[in-house]
Structures are given as structure tokens and as C-alpha cells.
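Fold and geometry: a report
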Amino acid sequence: MIDEFAKDNLHGRLRRDRKALLWKLDGLSEYDARRPLTATGTNLLGLVKHVATVEARYFGEVFDRPSPEPLPRWQDSNGEDLWATEDETRDQIIAFYRRTWEHSDATINELPLDAPGHVPWWPEPYPNTNLFAVMVHVLGESIRHTGHADILREGLDGRTGVRAEYEKQIDEEARAAYCAKIEQAARSAAPIKA
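None of these values were measured; they are calculated from a predicted model. (Residues numbered from 1 in each chain as written. Predicted model: local features only at pLDDT ≥ 70, side-chain atom pairs only at ≥ 80, totals over all residues. Heavy atoms only, no water.)

**With respect to the overall build of the protein chain**
For clarity, the cut-off: Think of it this way: any DSSP run of H or I at least four residues long counts as a helix, any run of E at least two long counts as a strand, and we number them from the N terminus. The buried label goes to any residue with under 20% of its type's maximum accessible area, the exposed label to any with over 50%, and the partly exposed label to all in between, with areas taken from a 1.4 Å probe on protein chains only. Note on areas: Shrake-Rupley, 1.4 Å probe, and residue coverage restricted to the protein chains presented here. Only four residue types enter the charge count, namely Lys and Arg as positive and Asp and Glu as negative; His and the chain termini do not. A charged residue contributes its charge at one atom only: NZ of Lys, CZ of Arg, CG of Asp or CD of Glu.
Each helix and strand in the protein chain was counted, giving six helices and two strands. Secondary structure elements in the protein chain, listed N-terminal to C-terminal, are α-α-α-α-β-β-α-α. Viewed in the frame of its principal axes, the protein chain has a C-alpha envelope of about 60 × 45 × 40 Å. For the protein chain, the residues scored as buried account for 38% of the 194 residues in total. Accessible surface, the protein chain: about 11700 Å² in total, of which carbon and sulfur atoms supply 56%. Averaging the coordinates of the 25 positive side-chain charges in the protein chain and doing the same for the 33 negative ones gives two points 5 Å apart.

Shown next as C-alpha cells:
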């Protein structure tokens with residue numbers, strides 16, 4: 001009974017974060033969805049591609065249920081899953097993510113939480129694991145990268161939030177006053193030296 005509750009709860013949160021991550025692309029130009037927004041090149045469409053690849057690997061080969069999607073061997077990973085090439089369309093990457101959801105959901109639905117899995121890229125003594133641990137791990141990855149996406153999107157146009165129905169009209173004046181209050185507290189706590 002508790003296993004099914006835990007599994008349903010983790011799975012529900014994973015589904016929620018998948019949708020939130022995709023929502024971060026809504027209304028963006030092709031350039032803004034793809035362009036590097038940090039010194040390390042982090043970008044919104046690349047985050048979607050990366051999370052799709054992570055899910056495909058963890059809910060696929062870890063449980064001997066290889067993803068139907070073509071993936072390079074994990075040993076050959078070179079960071080190409082972190083950005084979209086000029087030949088990859090936004091629709092293709094989103095479709096890849098959605099197909100990965102279907103495959104991941106089938107793995108989650110068909111296996112018990114204690115189903116054994118093997119993560120060859122985890123160091124000893126951790127490679128032998130189970131579905132519960134992988135669900136927690138993938139959920140953590142999804143939450144982390146959805147948080148990155150939220151910050152990147154806020155930097156582009158000020159939009160924040162988890163879902164469109166919770167989004168509020170941006171009050172630029174209130175935001176500026178709030179940031180000024182935080183800035184003042186920071187300056188007071190650690191005076192700037194000339």
C-alpha cells in the first residue's frame with residue numbers, strides 16, 4: 001500500500017515538472033529558446049533535450065528496457081545533449097521528450113518500486129539500485145533543471161512560475177521596490193569598500 005502511494009506521488013511530481021519545463025519555452029523566439037544564457041552555455045531548449053536524455057537512459061537501459069530513441073552510448077557522452085544544433089527543431093526536441101515520457105511512464109507503471117536496476121555510470125558501490133532510487137534521482141534532476149529554466153526565463157522576459165494558470169501579471173514597480181529593499185539589506189550587511 002505505501003509502495004503504491006510513494007510511487008504515485010513521485011510519478012505525479014515528475015509529470016508536473018515535465019510540463020513546467022516545457023512551459024518555459026512557450027512564447028519564446030527560436031533564438032531565445034536556444035541561445036546560451038550563462039557563461040557555461042546553459043539554454044532553455046538544451047535543458048529540455050538534456051532532461052529527455054536523462055529520463056531515456058535511467059528508465060531505459062538501467063532496467064534493461066532500452067529507449068526506442070537513438071541515443072549515443074553513455075560512455076561517449078560529450079555534452080551534445082545540452083544544446084540544440086541548427087538542424088534540430090524545437091518541435092523535434094519536444095517530441096523526443098514526450099516520447100521519452102511514454103517510455104519512462106511504461107517502465108514506472110510496469111515495475112515495482114523494488115525492481116532491480118543497474119546504473120553503469122554510477123561509481124561503486126552504487127551501480128546496483130532499484131526503481132525507487134532511480135525515480136528519486138530522476139525527479140531530483142528534473143526539479144534541478146526546471147529551476148534552472150525558471151531562472152533563465154525570468155532573465156529573458158521576467159516570467160516566472162510553475163504553470164501558466166498560476167502566473168500573475170508582472171508589476172514592474174513592485175518588483176523594482178522589492179529588489180531595492182534586498183539591495184539595501186545587502187549593502188547594510190556588507191558595506192562596499194571603495
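**Quick notes on helix 6 (residues 172-189)**
Operational definition: Take the residue count of a helix, subtract one, and multiply by 1.5 Å to get its expected span. Here a polar contact is recorded for every N or O atom pair within 3.5 Å, except that within protein the pair must consist of a potential hydrogen donor and a potential acceptor, and residues adjacent in sequence are included only if both atoms are side-chain atoms.
The first and last C-alpha atoms of helix 6 sit 26 Å apart over 18 residues, in line with the 26 Å expected at 1.5 Å per residue. At the N-terminal boundary of helix 6, the capping side chain belongs to aspartate 171, with an oxygen 3.2 Å from the backbone nitrogen of glutamate 173.

**Thoughts on the environment of alanine 106**
Structurally, alanine 106 can be placed in helix 4 (residues 90-110). Sequence separation between alanine 106 and alanine 39 is 67 residues; the distance between their C-alpha atoms is 37 Å.

**Here's the deal with the nonpolar core**
Operational definition: Think of a nonpolar core as a cluster: buried Ala, Val, Leu, Ile, Met, Phe, Trp, Tyr and Cys residues, connected wherever their side-chain atoms sit within 4.5 Å. Only heavy atoms enter the contact rule, under which two residues are in contact if any of them lie within 4.5 Å.
Among the nonpolar cores identified, the biggest contains 19 residues, and Leu21, Leu22, Leu25, Leu44, Val48 and Tyr97 are the most heavily contacted of them. Elements that contribute at least two residues to this core include exactly helix 1 (2-23), helix 3 (44-58), helix 4 and helix 5 (131-157). Ranked by the residues each element gives to this core, the list is headed by helix 3, at six residues. When sequence neighbours within four positions are dropped, the list of residues in contact with leucine 22 reads Val48, Ile94, Tyr97, Arg98 and Trp101.

**Focus: the packing of aromatic side chains**
Stated precisely, the cut-off is as follows: Pairing of aromatic side chains here covers Phe, Tyr and the six-membered ring of Trp, requires ring centres within 6.5 Å, and sorts the geometry by plane angle: under 30 degrees stacked, over 60 edge-to-face, intermediate tilted.
Inspection of the entire model under this criterion finds three aromatic pairs. Centroid distance tyrosine 58 to tryptophan 121: 5.3 Å. Interplanar angle 80°. Geometry classified as edge-to-face. Taken together, the positions of tyrosine 58 in helix 3 and tryptophan 121 in the loop between strand 1 (116-118) and strand 2 (128-130) put the pair 63 residues apart, joining distant regions of the chain. When its relative accessible area of 23% is taken as the criterion, tryptophan 121 is described as partly exposed.

**Here's the deal with the pattern of salt bridges**
How we decide: A pairing counts as a salt bridge when a side-chain nitrogen of Lys or Arg comes within 4 Å of a carboxyl oxygen of Asp or Glu.
A complete count under the given rule lists 13 salt bridges for this structure. In the salt-bridge network here, residues are joined through shared partners; they are Arg18, Glu55 and Asp105.

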